[in-house]
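Notes for the structure review
Listed below are the residues making up each chain.
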Amino acid sequence: MSLARMQKVRLLGHESERDRVLTVLQDLGVLQIVDLTSKKGQALPGFRPKAPTTNDIEAKLADLRYTLEFLARYDTEKKGFIQSFFNLKDLIRPEEIEQIARTYDYRTVCQRARELDQESIELRAERAQLETRRAELLPWRDLTIPIENLRSTRATALVLGRVPTERLSDLQRASQSQLAGLAVLQIASADETSSYLYAFVLKDAEEAFVKLLADHGGERLPDLPPEAHGLPREVLEQIERRLGEIDARQQQISQEATALLREKPKLQALYDYLYNEYLKAQAQAQLLGSPNTFVLEGWVRASDYERLTQALQNNSEAVYIESIEPEPDEVPPVALENRRLFQPAEFLIKLFGLPNQKELDPTPFVLPFFAIFFGIALTDAGYGLALILIFSYLKRRYRHKRGFQPFANLIILGGVSAVIAGALTGGWFGPDLAAKVEFLKQLALFNLEEPEGLIGFLVFSLALGFIQLFLGNLLELIDKARQGRFWEGLWNEGSWLVLMTGLGIAGGAGIRSIMANAPSLPASWMPIGLEIALIGAILVVLFSRVEAPENVVEQLPWLLIATGVSLWSLTPWRLSGQLLALAGLGWALVPRRQSIGAQARALVGRIGAGLFRLYGVSGLVGDVLSYSRIMALGISTGLIAKAINQLAAMALGAPIAGVVAFVAIVAGGQAFSLVINSLGAFVHSARLHYVEFFTKFYEAGGRAFQPFTRASVYYDIQEQTLSSKGG
């Protein structure tokens, strides 16, 4: 449960070996390179930054990215849900990707893709223009007048308009009465709602006619396209022919693009190769160099130092590496280092934030609680078995995906917990199966369809939460002790732990009052728990604000007061307790560097701060109640599964179709329930750790160790062992 010990190193080499060394470091993936260009000018005189030339690589990557995005629009083969959700990639051998990088002529493919894309864009623009023109001409399709004759002249204006059909006759009468001899109005087409018209109007009467049109609910339409010639019907036929040609050509482009999809794997492999070359160039930008040498610094796990040294020596004869001390203000990066058993929980820690260098790694404490919470929140043995089978297959299928393995192991462990929780609650794809099978019924410890079983399940969930919160406060005490703040942790977290111990004993002894058959502590322990809780409360009040925790002598009066009040309240030795409390109070008020009045004010302030902190018991109760959510999720899982089973049973009424419907409802419904409830179990189990558990002791804020290594967008490159005699 410790963090990896980090070692800072410096590497010097001959300029001719720079690219080879960076390749070795990238393949090895154990060194985080430090940027020397911003702070090493004075420490390494004579060395200067060497800016890499990445323009060519960036241009190639841009071409490949453009081509792949173009091809993606025509790719109908989609990844499965799990593969997409977890970004699982196929595996490629290093020699295969090297071969593609050396021999593949990607430029021809990229050029053709760009030509097809540009042509398709131009065709779409032309189609949009044609569709606009068609919409403009459709109302005039029955005209027998060529479009070129429907133009304004020097003396007259052509007005195209649209008016509601029920107002057309009113418009005609108004035009005849108000603009007689000034306007000639003709109807081009009409339907139930709108009538389209054109009118030749003398220039002086144009505004009057347009106003008359508007007064009757109409509007003036744009003039016909100036480039159009011939009858409207003929022009529309030409437009339809051209639209057909465009659609046919777009279909040909789609076919050509689909044919280019066969080049997609090579394009993706080349992209990954060039992307790693780009990363290497970026790493080079963090080095310093002279005409003949280069220097880099970085961080490596102490356990990987020998491996790094050996790899460099085996692959280059002109490189020297040494361990160096970090600068005074330099903070090492953080890398988690846990036993294989606990590594699955590192996924959760990284989601929240890495610990800083001064605190505990909480990974070993997170794993068991997360697995238990996940199982309770799912509470179905059938779903647990399904998760175990699914993720065991995915682990084997994507065994090269190192980042996926811990997550898969975490879900498998949660699945095991769900099997146990489901067996204890009678959940096997819902409660129906356990109700009918005697063996499964005997396994069930909690019957969630009865009040007593629900209450017992709730108490069990809350007890787990209380235990985790107690552990959180204990870890804070241990953390402070590791940082040399033992007394501070003892006065603060120690007093709170005493209070929680008492509350835990009293609560454990009182379970029988809620459930007669529940396992519990003896009822006679109840007074003992309450007495311990009272002692803890006294300690919380007196030791919440300790100004000099390491000065034990200054805390002795308060210890006397706490001991005296405890004896006074809890034992027959009341007089002894009163005397001890008064002695401690007098000792605390003895003037030292302050007057008696100042000492009294300090005493009141300390007790007031303690009472305020004691009010935090209400927060503790709220935190414990938060753990009821895992019980609620477990119950909801059973209810959803039961509803699905009942719907499926209702479908069995029909002879053949009913069986098909039954299978479809059970398979689809239970699969949906598995996904939704597993997601809920994961999210809420993680939330309990992040919001309730971590806030008791965990600060986070560590800077992640990010070694210079190979990265990929499309493929995972199969690992290879560096040769002892060169690359």
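Residues numbered from 1 in each chain as written. Predicted model: local features only at pLDDT ≥ 70, side-chain atom pairs only at ≥ 80, totals over all residues. Heavy atoms only, no water.

If you check helix H19 (residues 525-542), its first and last C-alpha atoms are 26 Å apart, about what 18 residues at 1.5 Å a residue would give, namely 26 Å. Where H19 is concerned, the buried positions are Gly-529, Ala-533, Gly-536, Ala-537, Ile-538, Leu-539, Val-540, Val-541 and Leu-542. (Helix = DSSP H or I, 4+ residues; strand = E, 2+ residues; numbered from the N terminus. Expected span 1.5 Å × (residues − 1). Buried < 20%, exposed > 50% of the residue type's maximum accessible area, 1.4 Å probe, protein only.)

Right, let's get into a nonpolar patch on the surface. Among the surface-exposed residues, Leu-413, Val-416, Ile-420, Leu-424 and Leu-445 lie close enough to one another that they form a single nonpolar patch of about 420 Å² accessible area. By the element assignment, Val-416 lies in helix H14 (residues 404-425). A relative accessible area of 38% places Val-416 in the partly exposed class. (Patch = residues over 30% accessible without salt bridge, like charges linked within 9 Å, V, L, I, M, F, W, Y side chains within 5 Å. Areas by Shrake-Rupley, 256 points an atom, 1.4 Å probe, with all protein chains shown as cover. Salt bridge = Lys/Arg side-chain N within 4 Å of Asp/Glu carboxyl O.)

One can find Ser-628 in helix H24 (residues 628-650). For Ser-628, a relative accessible area of 24% puts it in the partly exposed group. Taking the C-alpha atoms as reference points, Ser-628 and Phe-457, separated by 171 residues in sequence, lie 9.2 Å from one another. If we ignore the near neighbours within four places in the chain, the residues touching Ser-628 are Leu-458 and Leu-462. Looking at Ser-628, its side chain comes within polar contact range of the main-chain oxygen of Leu-625, at 2.6 Å. (Contact = heavy atoms within 4.5 Å. Polar contact = N/O pair within 3.5 Å; in protein donor to acceptor, adjacent residues only side chain to side chain.)

Before going further, it helps to examine the packing of aromatic side chains. Overall, the coordinates contain 27 aromatic pairs when judged by the stated rule. With a centroid separation of 4.7 Å and an interplanar angle of 55 degrees, the aromatic rings of Phe-694 and Tyr-698 are classed as tilted. The same class applies to Phe-694 as to Tyr-698, namely buried. One aromatic cluster is present, built from ring pairs that chain together Phe-352, Phe-369, Phe-373, Tyr-627, Tyr-690, Phe-693, Phe-694, Phe-697 and Tyr-698. When the ring centre of Tyr-66 is taken as reference, the NZ or CZ atom of Arg-114 above it lies at 4.0 Å. (Phe/Tyr/Trp six-rings, centres within 6.5 Å; stacked < 30°, edge-to-face > 60°. Lys NZ or Arg CZ within 6 Å of the ring centre and 35° of its normal.)

With that out of the way, let us pick up the confidence of the model for the protein. On average, residues of the protein carry a pLDDT of 84, and 86% of them reach 70 or more. Note that residues 721-727 has pLDDT below 50 and, in this model, 14 contacts with residues that lie over four places away or in other chains. (pLDDT = per-residue confidence, 0-100.)

This part is about the pattern of salt bridges. Evaluation of the coordinates by the stated rule reveals 35 salt bridges. Residues Glu-493 and Lys-480 are paired through a salt bridge, measuring 3.1 Å at the closest nitrogen-oxygen approach. Of the two residues, Glu-493 sits in helix H18 (residues 486-509) while Lys-480 sits in helix H17 (residues 451-482), which places them 13 residues apart along the sequence. Using a relative accessible area of 9% as the deciding quantity, one classes Glu-493 as buried. Looking at Lys-480, the relative accessible area reads 7%, which means it is buried. Residue Glu-488 is joined to Arg-485 by a salt bridge in which the shortest nitrogen-to-oxygen separation is 3.1 Å. Looking at Glu-488, the relative accessible area reads 24%, which means it is partly exposed. Looking at Arg-485, the relative accessible area reads 30%, which means it is partly exposed. Several salt bridges share partner residues, and in doing so they unite Lys-8, Arg-10, Glu-297, Glu-322 and Glu-330 into one network.

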